[in-house]
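Descriptive structure summary
Chain residues, written in single-letter form:
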Amino acid sequence: MTARRGPFPAARAAVLAAAAAAFGCTPDFQSPRDVTDLRVLAIRQEAVEPDGTSIFADAAVDFTSSRVQPVRIKMLVADPQPRRALTVGGQICSPTDSGRCDQGQPLTLTPSTSSGTAVEQQPIFEPSVPPEVVVAAQRSDDLKGFGGIRVQFAMQAEDGDPRGLVAASKILLYTTGPDSTRNHNPEIATLEITRDGQHVASVGPGATLSLSAGVEYGLRPLLGSGASGIEEYDTIDLSGNTVHLREESRYSFFATAPASFDRDVADEPLPDQPQPTNGIARITLSGPGAVIWVVARDGRGGVGWISVPCAIAP
């Protein structure tokens, strides 16, 4: 997933350039993990079954019958200071270098409004992608669909943030392969909290994390079992050989004040490596009212996340 702000005002760019020249250094930009304004933290694709449930992340396509499996696109949007209700627009197109659907005639999606908490919103699109859009994406792909047919979803989110709208994009994957080769979205079952290597708490979706103020804790995301966890799968390499691979999950960490992480991303340790005794990231609370998010990506386009409100332990 890529995310961008809207057009950057020329006056603001000039001010930053002048400041950099005056101090003789590059401006100290804020870390992505610190959520202080409107952000798109993640976008997830779900292939929708006839009964409305979802099993796979990538969607099936059958060109002989012109059948394209419907998809559900979920977004994780955060803003600790929303000025008005969030509105989201989206387009579907062949992938572009810019991540925007600014070439040809993209499929425009109906603008979406979202419900959620004051800080977090999860808008949803359920577009009906015509077969010709998938065919066009395959034809424009240099790999001609090797490893999956790539279709781009581009979105714009706006809630009155004075810095303007936020644009983001995600590659949607379509496959002609059998179900045995398809991918599932990862699911974060719990966050394990430790202090000096000792277990403190396990927090799941919907629970509140209570920690002592000013103390650094270790945090380790734990994925679900089976298809919700780290998958092993067979695929074909560029030489036409079948290879057996294991997903390598990566986590992104986000927090509103007064919580802070010590890093933006961390990788799931490999099974043959020493396992961490104090998490793969560190978190510190300096007061109540924060929200943290951990986003998991499996390397094959699958995405999952967990959001947890924070409180200070008595």
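Scroll up to find the structure this text is about.
This report concerns the structure included in the present document. No experiment lies behind these values; they were computed from the predicted model shown.

Here the focus is the pattern of salt bridges. Going through the model one piece at a time under the given rule, you end up with 17 salt bridges. Its salt-bridge partner being Arg 72, residue Glu 46 comes within 2.9 Å of it at the nearest N-O pair. Of the two residues, Glu 46 sits in strand β2 (residues 39–47) while Arg 72 sits in strand β5 (residues 71–78), which places them 26 residues apart along the sequence. The same class applies to Glu 46 as to Arg 72, namely buried. Overall, Arg 72 belongs to the buried group, its relative accessible area being 13%.

Strand pairing within a sheet occurs via backbone hydrogen bonds; the two strands may be parallel or antiparallel. In space, the five strands of this open sheet follow the order β13-β12-β15-β21-β19, with antiparallel pairing throughout. Both edges of this open sheet fall to β13 (198–203) and β19 (259–261), since each of them pairs with a single strand only. Each strand axis lies, on average, 30° off the axis of its neighbour in the sheet, ignoring direction. The sheet contact formed by strand β15 (residues 216–223) and strand β21 (residues 281–285) spans four bridges and is antiparallel. Within β21, the position partnered with Glu 216 by the bridge is Thr 284.

The rules we used
Residues numbered from 1 in each chain as written. Predicted model: local features only at pLDDT ≥ 70, side-chain atom pairs only at ≥ 80, totals over all residues. Heavy atoms only, no water. Salt bridge = Lys/Arg side-chain N within 4 Å of Asp/Glu carboxyl O. Helix = DSSP H or I, 4+ residues; strand = E, 2+ residues; numbered from the N terminus. Buried < 20%, exposed > 50% of the residue type's maximum accessible area, 1.4 Å probe, protein only. Pairing = 2+ DSSP bridges. Axes fitted to C-alpha atoms, helices over the stretch in contact; angles between N-to-C directions.

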